[in-house]
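What the coordinates show
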Amino acid sequence: MYKRVLLKLSGEVLSGEAQKGFSEEHVNYLIKEIKSVSEYGVKLGIVIGAGNLFRGRDFEGLRPTISDQIGMLGTVINALYLKDRFENEGIKTVVVSQIVTLPSVKLINYDDIDLYFDAGYIVIFAGGTSNPFFTTDTGAALRAVEMKAELLIKGTKVSGIYDKDPKIYNDAVKYNVITYDEAIEKNLKIMDTEAFSICKRYQMKILVMNFFEDNNLLRAIRGENVGTLVIPSK
Ligand SMILES: Nc1ncnc2c1ncn2[C@@H]1O[C@H](COP(=O)(O)OP(=O)(O)O)[C@@H](O)[C@H]1O
Ligand SMILES: O=c1ccn([C@@H]2O[C@H](COP(=O)(O)OP(=O)(O)O)[C@@H](O)[C@H]2O)c(=O)[nH]1
């Protein structure tokens, strides 16, 4: 069983695919999945996107430096929303970020991350990389390395990494295991190249899996055969 994990979730996990806002059904499902692993004492970091609110590219006519800041603020909105929903369910949660000063958001201080984990808190890293032109996948890769995770799980709406986008191509073939180099060379667009490169440099194992399948998160953390594993070499 993995003991230290960074979970990257797209904002759409909160709204449902191609939807906006917060869907009670989806948020309850997310709470159930997180509860199932928090009971095992897993030290869990979460990076949440903002696709349910806005992505930088949604704002036509705005400069990316501005629209991406709006996108990053969206990840803080989601993080605070989740903190409150989690805490209502007895899941202790702290939100950390470098981009905002708000009473319920703590400035990231890496000396404190272990204290939070040891005290049984889930840590939500909000604000992506803190820079425009990046995505929360890249933020997740950075935070996974910084929190010394054993595994970065990307919970998404497809079952793993395929040789091409399975939402477009019916004949796409899924990989069980793939190397960072293959993922980058084949330009498999499930994660940004930047995210793959950071994980490659620091040998951060990645698991891409369908978050919307019941108990998949727990199965992934138990090391069961779900999704696609990205590793240094086969
Ligand atoms: N090679 C690939 N293997 C798997 N999924 C892929 C691939 N290329 C593109 N995709 C698409 O990437 C999407 C991943 O989306 P995700 O990162 O979770 O959400 P977002 O688009 O919000 O960042 C999947 O829905 C899938 O359709
Ligand atoms: O390091 C980052 C992370 C995110 N964003 C902005 O925040 C938005 C939401 O992040 P993302 O698209 O990764 O969310 P997801 O698709 O995972 O829900 C992006 O579109 C960007 O505009 C950014 O500028 N820098």
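Residues numbered from 1 in each chain as written. Chains lettered and ligands numbered in written order. Predicted model: local features only at pLDDT ≥ 70, side-chain atom pairs only at ≥ 80, totals over all residues. Heavy atoms only, no water.

Digging into the nonpolar core
- In terms of nonpolar packing, the biggest core is built from 37 residues, with Ile34 and Ile153 touching the most fellow members.
- If you list the elements that add at least two residues to this core, you get β1 (4-9), α1 (24-38), β2 (43-48), α2 (64-88), β5 (122-126), β6 (151-156), β8 (206-210) and α7 (216-221).
- Ranked by residue count, the leading element in this core is α1, at six residues.
- Aside from chain neighbours lying at most four places away, what touches Ile34 is Leu7, Leu44, Ile46, Phe86, Ile91, Ile122 and Leu217.
- Among the nonpolar cores identified, the runner-up in size contains 33 residues, and Val123, Val158, Ile190 and Met191 belong to it. (Core = buried A, V, L, I, M, F, W, Y, C linked by side-chain atoms within 4.5 Å. Buried < 20%, exposed > 50% of the residue type's maximum accessible area, 1.4 Å probe, protein only. Helix = DSSP H or I, 4+ residues; strand = E, 2+ residues; numbered from the N terminus. Contact = heavy atoms within 4.5 Å.)

Digging into the site of ligand 1
- In the vicinity of ligand 1 lie 16 residues, with Arg55, Lys154, Thr156, Tyr162 and Asp165 positioned nearest.
- A distance of 2.9 Å is found between a nitrogen atom of ligand 1 and a backbone nitrogen or oxygen belonging to Tyr162.
- Between ligand 1 and Asp165 there is a distance of 2.7 Å, counted from an oxygen atom to a side-chain nitrogen or oxygen.
- In isolation ligand 1 offers 580 Å² of accessible surface; the protein chains occlude 84% of this area.
- Partitioning the shell around ligand 1 into residue classes produces six nonpolar, three polar and seven charged. (Near = heavy atom within 4 Å. Polar contact = N/O pair within 3.5 Å; in protein donor to acceptor, adjacent residues only side chain to side chain. Areas by Shrake-Rupley, 256 points an atom, 1.4 Å probe, with all protein chains shown as cover. Nonpolar A, V, L, I, M, F, W, Y, C, P; charged D, E, K, R; others polar.)

A look at the packing of aromatic side chains
- Throughout the structure, instances matching the rule amount to four aromatic pairs.
- Ring centres 3.8 Å apart and planes at 15 degrees place the aromatic pair Phe22 and Tyr81 in the stacked group. Note that Phe22 is positioned in the loop between β1 and α1 and Tyr81 in helix α2, a separation of 59 residues in sequence.
- For Phe22, a relative accessible area of 31% translates into the label partly exposed.
- Residues Tyr29 and Phe211 carry aromatic rings whose centres are separated by 5.9 Å and whose planes lie at 85 degrees to one another, so their mutual orientation is edge-to-face. With Tyr29 in helix α1 and Phe211 in the loop between β8 and α7, the pair connects residues that are 182 residues apart, well separated along the chain. (Phe/Tyr/Trp six-rings, centres within 6.5 Å; stacked < 30°, edge-to-face > 60°.)

Quick word on the UniProt feature "binding site: UMP" (unreviewed entry) in the protein chain
- As annotated by UniProt and renumbered to match this structure, "binding site: UMP" (unreviewed entry) occupies Asp68, Thr129, Ser130, Asn131, Pro132, Phe133, Phe134, Thr135 and Thr136. In sequence the annotated residues extend across 69 residues, while in space they remain close, none of their C-alpha pairs exceeding 11.1 Å.
- In this structure, Thr129 sits in the loop between β5 and α4 (136-146).
- Taking the relative accessible area as the measure of exposure, Thr129 reaches 10% and is therefore buried.
- Here Phe133 shows up in the loop between β5 and α4. (UniProt positions renumbered as here; feature names shortened; annotations may be inferred.)

What about the site of ligand 2?
- If you check the shell around ligand 2, you find 18 residues, and the closest are Gly51, Asp68, Thr129, Asn131 and Thr136.
- Taking Ala50, its main chain carries an N or O atom lying 3.1 Å from an oxygen atom of ligand 2.
- Separating an oxygen atom of ligand 2 from a backbone N or O atom of Gly71 is a distance of 3.4 Å.
- When the free accessible area of ligand 2 is taken as 520 Å², the share hidden by the protein chains comes to 93%.
- Per element, the largest residue contribution to the shell around ligand 2 is three residues, and it comes from α2.

Looking at the UniProt feature "binding site: ATP" (unreviewed entry) in the protein chain
- Here, the residues flagged by UniProt with the feature "binding site: ATP" (unreviewed entry) are Lys8, Leu9, Ser10, Gly11, Gly51, Arg55, Thr156, Tyr162 and Asp165. Sequence-wise these annotated residues cover 158 residues; spatially they are dispersed, their C-alpha atoms as much as 24.3 Å apart.
- Topologically, Leu9 is positioned in strand β1.
- A relative accessible area of 0% places Leu9 in the buried class.
- If near-sequence neighbours (up to four positions away) are discounted, Leu9 is found in contact with Leu30, Val47, Ile48, Gly49, Gly155 and Phe211.
- Relative to the elements of secondary structure, Arg55 occurs in the loop between β2 and α2.

Some details on the pattern of salt bridges
- On inspection of all chains with the given rule, the structure shows 19 salt bridges.
- The partner of Asp137 in a salt bridge is Lys8, with the nearest N and O atoms 2.7 Å apart. With a gap of 129 residues between them, Asp137 in helix α4 and Lys8 in strand β1 connect regions that are remote in the sequence. Side by side, Asp137 and Lys8 carry an identical accessibility label, which is buried.
- In this structure, Lys43 and Asp118 form a salt bridge, with 3.5 Å as the shortest nitrogen-oxygen distance. Remark: Asp118 occurs in helix α3 (residues 110-118) and Lys43 occurs in strand β2; sequence separation between them is 75 residues.
- A single salt-bridge network, built from bridges that share partners, covers Lys8, Asp137 and Lys154. (Salt bridge = Lys/Arg side-chain N within 4 Å of Asp/Glu carboxyl O.)

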